[in-house]
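What the coordinates show
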Amino acid sequence: IKDIGVLPKQYDIQSLITSTPASASSDMFPQFSFVVLFVGALDFESTLFRAIDASRSILFSKSIGLVVLGEGSAKNEFQKRAELLGVQEQVVFVKDQSNLLAYMHSADILLCTDTTEVSDEIVIKAAACGLPILASETPLRSDLFTDGVDAFLCPKEDTVCFSQKLVKFLNTNALRLQFATDAQEIVKTRLHEDPQAFKTAYRDSIEGVFGHQ
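Structure report, in brief. (Residues numbered from 1 in each chain as written. Predicted model: local features only at pLDDT ≥ 70, side-chain atom pairs only at ≥ 80, totals over all residues. Heavy atoms only, no water.)

Considerations on the overall build of the protein
Our working rule: Each helix corresponds to a stretch of at least 4 residues labelled H or I by DSSP, and each strand to a stretch of at least 2 residues labelled E; elements are numbered beginning at the N terminus. Only protein chains enter the calculation, and the probe is 1.4 Å; a residue is then buried if its accessible area is under 20% of its type maximum, exposed if over 50%, and partly exposed in between. By the convention used here, residues are in contact when the closest approach between their heavy atoms is within 4.5 Å. Residue exposure ignores everything except the shown protein chains as possible cover, and the areas themselves are Shrake-Rupley values with a 1.4 Å probe.
A tally of helices and strands in the protein yields nine helices and six strands. Across the 213 residues in the protein, those meeting the buried criterion constitute 45%. Residue pairs at least 24 apart in sequence account for 73% of intrachain contacts in the protein once pairs closer than 6 positions are excluded. With an accessible surface of roughly 11,000 Å², the protein has 52% of that area assigned to carbon and sulfur atoms.

A word on the packing of helix α2 (residues 48-59) against helix α3 (residues 75-84)
Just so we agree on the cut-off: Angular values range over 0 to 180 degrees, each being the angle between N-to-C directions of two axes fitted as lines to C-alpha atoms, with helices fitted over their stretch in contact. Here is the rule for angles: anything less than 35 degrees is roughly parallel, anything more than 145 is roughly antiparallel, 65 through 115 is roughly perpendicular, and the remaining ranges are oblique. Here a crossing is called left-handed whenever its near helix is offset anticlockwise from the far helix by less than a right angle, and right-handed whenever the offset is clockwise. Here the nonpolar group is Ala, Val, Leu, Ile, Met, Phe, Trp, Tyr, Cys and Pro; Asp, Glu, Lys and Arg are the charged ones; every other residue, Gly included, is treated as polar.
Where α2 meets α3, the axes come as close as 10 Å, and the angle between the chain directions of the two elements is 15°. Between α2 and α3, the angle is such that the two are roughly parallel. By crossing handedness, the relation of α2 to α3 is classed as right-handed. Where α2 approaches α3, its residues L48, F49, I52 and D53 are matched on the opposing element by F78, R81 and A82. Split into classes, the residues belonging to the contact of α2 with α3 amount to five nonpolar, no polar and two charged.

A look at the state of the cysteines
Two cysteines form a disulfide when their sulfur atoms are joined by a covalent bond. Note the cut-off: Cysteine sulfur pairs qualify as disulfides if the two atoms are within 2.5 Å.
If you walk through the whole model with that rule in mind, you get one disulfide. The side chain of C154 participates in a disulfide bridge whose partner is C161; the two sulfur atoms lie 2.2 Å from each other. Its S-S torsion of about -75° marks the bond between C154 and C161 as left-handed, since a negative value means left-handed. The same class applies to C154 and to C161, which are both buried.

Topic: the sheet that holds strand β5 (residues 133-136)
The criterion, for reference: Two strands qualify as a pair provided that DSSP identifies no fewer than 2 bridges between them.
With parallel pairing, the six strands of this open sheet are ordered in space as β3-β2-β1-β4-β5-β6. Both edges of this open sheet fall to β3 (91-94) and β6 (152-154), since each of them pairs with a single strand only. When strand polarity is set aside, the average angle formed by the axes of neighbouring strands in this sheet is 20°. With six bridges connecting them, strand β1 (residues 34-39) and strand β2 (residues 64-69) associate as parallel partners. Residue pairing across strands places F38 opposite V68, the latter belonging to β2. Running over the sheet, helix α7 (residues 159-171) touches β1, β2, β4 (109-112), β5 and β6 and is turned about 165° from β6.

A look at the pattern of salt bridges
Close approach of charged atoms lets side chains of opposite charge pair. Quick note on the threshold: Salt bridge, as used here: a side-chain nitrogen of Lys or Arg that lies within 4 Å of a carboxyl oxygen of Asp or Glu.
In total, this model carries six salt bridges according to the counting rule given. Notably, a salt bridge pairs K188 with E185, separated by 3.6 Å at the nearest N-O pair. Of this pair, K188 and E185 both sit in helix α8 (residues 173-190), three residues apart, roughly one helical turn. Judged by its relative accessible area of 40%, K188 falls in the partly exposed class.

Here we look at the pairing of β1
The criterion, for reference: The handedness of a crossover follows from its direction of travel: if, with the strands pointing away from the viewer, the path from the first strand over the helix to the second runs clockwise, the crossover is right-handed.
Among the six residues that make up β1, six are buried, leaving the element largely enclosed by the rest of the structure. Taken together, β1, α2 and β2 constitute a β-α-β crossover, and its handedness is right-handed. As judged from the two bridges shared by β1 and β4, these two strands associate in the parallel manner. Residue L37 lies in a different strand from β4, and its bridge partner there is L110.

Details of the side chain of R176
The condition that has to hold: Residues scored as charged are limited to Lys and Arg (positive) and Asp and Glu (negative), so that His and the chain ends carry no count.
Following the sequence through the fold, R176 ends up in helix α8. One buried charged side chain, R176, makes no salt bridge at all; its nearest oppositely charged neighbour is D108, positioned 4.8 Å away. Those residues in contact with R176 that lie beyond four places of it in its chain are F34, D108, I109, P132, F169 and L170.

So, the nonpolar core
For clarity, the cut-off: Definition of nonpolar core: a set of buried residues of the types Ala, Val, Leu, Ile, Met, Phe, Trp, Tyr and Cys, connected through side-chain atoms within 4.5 Å.
Of all hydrophobic cores here, the largest spans 32 residues; its most connected members are L37, M104, L110, I133 and F145. Secondary structure elements with two or more residues in this core: β1, β2, α4 (100-106), β4, α5 (117-129), β5 and α8. Counting residues per element, this core draws most heavily on α5, at seven residues. Discounting chain neighbours no more than four positions away, the residues touching M104 are L37, I122, K125, A126, C129 and L131. A51, I52, A82 and C161 belong to the second-largest nonpolar core, a separate cluster that totals 31 residues.

Okay, here's the thing in structure tokens:
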């Protein structure tokens, strides 16, 4: 199939932008001055190993942490990988995802190496929360964001790219602020939030397919 169209989705962007959890007012990880957040199911399809590998160079600093929000059958394997790389003290695993927005507000960047539909939604939530993004390329992310302008995007298997851009994020506070503001504006203006507008876009998408038959 050469021509694939993705059906529009409805997102509650405004509530994400305006909701600042009470727990976000205090630092959830006071032991770290810089927090990289990874969110995802820790199964054997997870790419957390790439996120850990890419973060290794900055995790040797005790003031920097990689917070992993998720649970799954491969969790022990990822913990062993952190130990193998000697960064187990800097990689914190958190099972409960019910306070996702609070973690996003408390983190400094989102690192998303997964390319699933669920991870696309995590990226959108992070952008709406004003959390700077470093993520694998997917059709949705490449459509919404421009690498180096409002987010950092890397080929999904390019660990070196992730590592280099992590360092750039760490060392450039102004860049993080710019990306946070610009990515939030993009999801506000580009994604469907109004139910009627969403239904219209969904209808137009379906009709467009039949129109090309």
